[in-house]
Amino acid sequence: MKSPPTSEFQEILDFTASFLGEATPRALIVIGAARLEEEVKAIVAAVAPGFEAEHRSHAFRVDLLVSYGVLPDNAAGCLKKIGKIRNYFAHTSRDVSITDKKIKGDIDAIYACLDPLIPLSITSEDFFNKMVAKIPKGMPPATWVDNNWRRYQTTIIILLHHLVIVRYNLPVRASPIPLFQYTFQKSNRASERTIPSGHGPP
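So, how was this worked out
Residues numbered from 1 in each chain as written. Predicted model: local features only at pLDDT ≥ 70, side-chain atom pairs only at ≥ 80, totals over all residues. Heavy atoms only, no water. Phe/Tyr/Trp six-rings, centres within 6.5 Å; stacked < 30°, edge-to-face > 60°. Buried < 20%, exposed > 50% of the residue type's maximum accessible area, 1.4 Å probe, protein only. Lys NZ or Arg CZ within 6 Å of the ring centre and 35° of its normal. Helix = DSSP H or I, 4+ residues; strand = E, 2+ residues; numbered from the N terminus. Contact = heavy atoms within 4.5 Å.

Now for the packing of aromatic side chains. Under the definition given, this model contains six aromatic pairs. Ring centres of Tyr182 and Phe184 lie 6.1 Å apart, and the angle between their planes is 5°; on these two criteria the pair is classed as stacked. Each member of the pair Tyr182 and Phe184 is classed as buried. By the ring-pair criterion, three or more aromatic residues cluster together here, those being Tyr88, Phe89, Trp149 and Tyr152. Over the aromatic face of Tyr168 sits the side chain of Lys2, whose NZ or CZ is 5.0 Å from the ring centroid. The ring of Tyr111 carries the charged tip of Arg151 above its face, separated from the ring centre by 3.8 Å.

Right under this line is the structure:
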């Protein structure tokens, strides 16, 4: 497996810097989901050209990548639920929260999927502090973000990281790259890398 170049990880870091500073919950939800959808489209364009077209839904593209053996089921499930949460926030004018009953089940399902692999309740705080340390002083994190929102932010960044690795390792492999288990080839020697708490660019 190839490790993406430093420029790819720098782009994730740059996105994270702006993402942690989003001014409102709605902006955080919509922009985070939009960035994941962009990455999904890029992978679909490489795997099945034409199916990244705008009239295709995010869920359709994710399912397509599963059928092509590009994404594991757990990553796909999280991506589709994030798309659903994004729609909930984007299509109402009233104040909304990730604790709203209509999406709480989806939020809980995402965490139930990821927590056995990486404990987000612990990781999000560690991740947040390490990312903040890398953010330019002129881009402070939003003060309204509490631990619940940090957990969600961490989920977005972790999934974005996975999608970048998947895209960089196209064409399609014999089996999907599993979440949090990355074996990068370096100097003819394989060294396994997982996403530990507070993972940033290698």
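The residue Ser121 is located in helix α6 (residues 120-134) in this model. For Ser121, a relative accessible area of 54% corresponds to the exposed category. Separated by 26 residues in the primary sequence, Ser121 and Asn147 have C-alpha atoms spaced 8.2 Å apart. Beyond its immediate chain neighbours, meaning those up to four positions away, Ser121 contacts Asp115 and Arg151.

Turning to unusual backbone geometry, a few remarks are in order. Residue Pro171 follows Leu170 across a cis peptide bond; omega there is 10°. Along the chain, the position of Pro171 falls in the loop between α7 (147-168) and β1 (182-186). One non-glycine residue, Phe180, lies in positive phi territory at about 70°. Mapped onto the elements, Phe180 comes out in the loop between α7 and β1. You can call Phe180 buried: its relative accessible area is 3%.

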